[in-house]
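Residue-level structure breakdown
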Amino acid sequence: MRLHRKLADMLGYVLLSKRHHATFESHLVRLLSHYEITTVLDVGAHRGEFALALRREGFRGAIHSFEPGAAAFAELERAARRDERWTAH
């Protein structure tokens, strides 16, 4: 491990290179993996855009998406139906 990463680790930080993470979602998926987080709660999920972006970036854990609006929920439910690890509420 390089010195700057060891120092950051000793101080309780994680250094991530921006050049490998062009989007918020790709960066988030890396953090989820680093911290061994296996479940995401997507509150105010709308039509599931965030969950779909996480899947595109490689997140394979469980996703629970919550959407109170009936029209958006109908689309969210259709999108989640194709993924056994994604539940619409």
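Everything below is about the structure shown above.
Predicted, not measured: the structure shown is a model, and the values here were computed from it.

**Section: the pairing of strand S1 (residues 39-43)**
By the alternation rule, side chains of S1 split into Val 40 and Asp 42, which are all buried, and Thr 39, Leu 41 and Val 43, of which none is buried. Two strands pair when backbone bridges link them, and S1 and strand S2 (residues 62-66) are joined in this way by 5 bridges, in the parallel orientation. Opposite Leu 41, over in S2, you have His 64 as the bridge partner. Remark: the S1/helix H3 (residues 49-56)/S2 crossover connection has right-handed handedness.

**With respect to a nonpolar patch on the surface**
Taken together, Leu 7, Met 10, Leu 11 and Tyr 13 make up a surface patch of nonpolar side chains, about 510 Å² in accessible area. Along the chain, Met 10 turns up in helix H1 (residues 3-10). For Met 10, a relative accessible area of 68% puts it in the exposed group.

**What to know about the environment of Ala 74**
If you trace the backbone, Ala 74 turns up in helix H4 (residues 70-81). Placed 39 residues apart in sequence, Ala 74 and Tyr 35 show a C-alpha to C-alpha distance of 32 Å.

**Considering the sheet that holds S2**
Sheet architecture is open: 3 strands sit in the order S1-S2-S3, paired in parallel fashion. Strands with a single pairing partner mark the edges of an open sheet, and in this sheet they are S1 and strand S3 (86-88). Strand after strand, the sheet turns through a mean of 15 degrees between neighbouring axes, direction not considered. Across the face of the sheet, H3 comes into contact with S1, S2 and S3 while running at roughly 150 degrees to S1.

What counts as what
- Residues numbered from 1 in each chain as written.
- Predicted model: local features only at pLDDT ≥ 70, side-chain atom pairs only at ≥ 80, totals over all residues.
- Heavy atoms only, no water.
- Buried < 20%, exposed > 50% of the residue type's maximum accessible area, 1.4 Å probe, protein only.
- Helix = DSSP H or I, 4+ residues; strand = E, 2+ residues; numbered from the N terminus.
- Pairing = 2+ DSSP bridges.
- Right-handed = clockwise from strand over helix to strand, strands pointing away.
- Patch = residues over 30% accessible without salt bridge, like charges linked within 9 Å, V, L, I, M, F, W, Y side chains within 5 Å.
- Areas by Shrake-Rupley, 256 points an atom, 1.4 Å probe, with all protein chains shown as cover.
- Salt bridge = Lys/Arg side-chain N within 4 Å of Asp/Glu carboxyl O.
- Axes fitted to C-alpha atoms, helices over the stretch in contact; angles between N-to-C directions.
- Contact = heavy atoms within 4.5 Å.

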